[in-house]
Amino acid sequence: MVYTVGEMAKLLGVTASTLRYYDKEGLLPFVERSSGGIRMFQESDIEWLQVIGCMKKAGMSIKDIRQYIEMALQGDDTIDLRLAMFHHQQEVLKQQMVELQHTMEMVDYKCWYYETAKEAGTVDAPQKMELSEVPERFRKIRQELRTAPGTTAEI
């Protein structure tokens, strides 16, 4: 089956302009064109496009994605290079997940902080709590906030 840019975009949940951008950046060398220059996407292009979308979400640059596609089109001689590329991105994502988890812990703490302040009618309530009064899951974040350079009070 052949798909237009709009049909493929809808199928993948992206905009047509995203697919056009990918093409302009050299990420779609496998996409055929009609005699009039219209892109003609095939069923086999879906997996490529999903991988490209995944790589973008994983934070890979257009340059690196283009390099990956070029290597893939070269065949089996580039398997090791492609594997190394994905292992590297895997490590980048793991580090980002650690950072996001820390961010979520901070947000959870601040939600607790302001819920406690709201219930008491003042930020003095959570602000003046002894560490032992703070729920255990928030103590590490509280200590981190209190020991940050230049910190005198929570905001």
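Data block above holds the structure.
Cut-offs applied
- The residue numbering used here restarts from 1 in each chain and proceeds along that chain's sequence as written.
- In view of the model being predicted, local features appear only for residues whose pLDDT reaches at least 70, and side-chain atom pairs are presented and counted only at 80 or more, with totals across whole chains, interfaces and linings using the full set of residues.
- The side-chain figures draw on all heavy atoms in the structure; neither hydrogens nor water molecules are used.
- Helix and strand assignments follow DSSP, with helices taken as H or I runs no shorter than four residues and strands as E runs no shorter than two, numbered in order from the N terminus.
- Exposed residues in this analysis have more than 50% of their type's maximum accessible area, buried residues have under 20%, and partly exposed residues fall in between, with area computed by a 1.4 Å probe over protein chains only.
- Contact definition: two residues touch when any of their heavy atoms are within 4.5 Å.
- Working definition of a nonpolar core: buried Ala, Val, Leu, Ile, Met, Phe, Trp, Tyr and Cys residues. They are joined through side-chain atoms within 4.5 Å.
- The axes are straight lines fitted to the C-alpha atoms, using for helices just the contacting stretch, and the angles between their N-to-C directions are given from 0 to 180°.
- Roughly parallel means an angle under 35 degrees; roughly antiparallel means over 145; roughly perpendicular covers 65 to 115; every other angle is labelled oblique.
- Here is the rule for handedness: rotate from the far helix to the near one, and if that takes an anticlockwise turn smaller than a right angle the crossing is left-handed, while a clockwise turn gives right-handed.
- Throughout, the ten residues Ala, Val, Leu, Ile, Met, Phe, Trp, Tyr, Cys and Pro are labelled nonpolar, Asp, Glu, Lys and Arg are labelled charged, and all others, Gly among them, are labelled polar.

### Things to note about the environment of Met 1
Phase 1 of the analysis: Within the element layout of this structure, Met 1 appears in the segment before strand 1 (2-3).
Phase 2 of the analysis: Its relative accessible area of 66% is what places Met 1 among the exposed residues.
Phase 3 of the analysis: Aside from chain neighbours lying at most four places away, what touches Met 1 is Phe 41, Gln 42 and Glu 43.

### Focus on the nonpolar core
Phase 1 of the analysis: Ranked by internal contacts, the top residues of the largest apolar core, which has 23 residues, are Leu 19, Leu 28, Phe 41 and Ile 52.
Phase 2 of the analysis: If you list the elements that add at least two residues to this core, you get helix 1 (5-12), helix 2 (16-24), helix 3 (45-57) and helix 4 (62-74).
Phase 3 of the analysis: The leading source of residues in this core is helix 4, at five residues.
Phase 4 of the analysis: What Leu 19 contacts, discounting residues up to four positions off in sequence, is Val 5, Met 8, Ala 9, Leu 12, Val 14, Leu 28, Phe 41 and Leu 49.
Phase 5 of the analysis: If you look at the next biggest cluster of nonpolar residues, it comprises six residues, including Tyr 109, Tyr 113, Phe 138 and Ile 141.

### Quick notes on the packing of helix 4 against helix 5 (residues 79-120)
Phase 1 of the analysis: Relative to each other, helix 4 and helix 5 sit at 150 degrees, their axes nearing to 9 Å. In terms of orientation, helix 4 lies roughly antiparallel with respect to helix 5. When you trace helix 4 past helix 5, the crossing you get is left-handed. Where helix 4 approaches helix 5, its residues Asp 64, Gln 67, Tyr 68, Met 71 and Ala 72 are matched on the opposing element by Leu 81, Arg 82, Met 85 and Phe 86.
Phase 2 of the analysis: Residue classes in the contact of helix 4 with helix 5 are distributed as six nonpolar, one polar and two charged.

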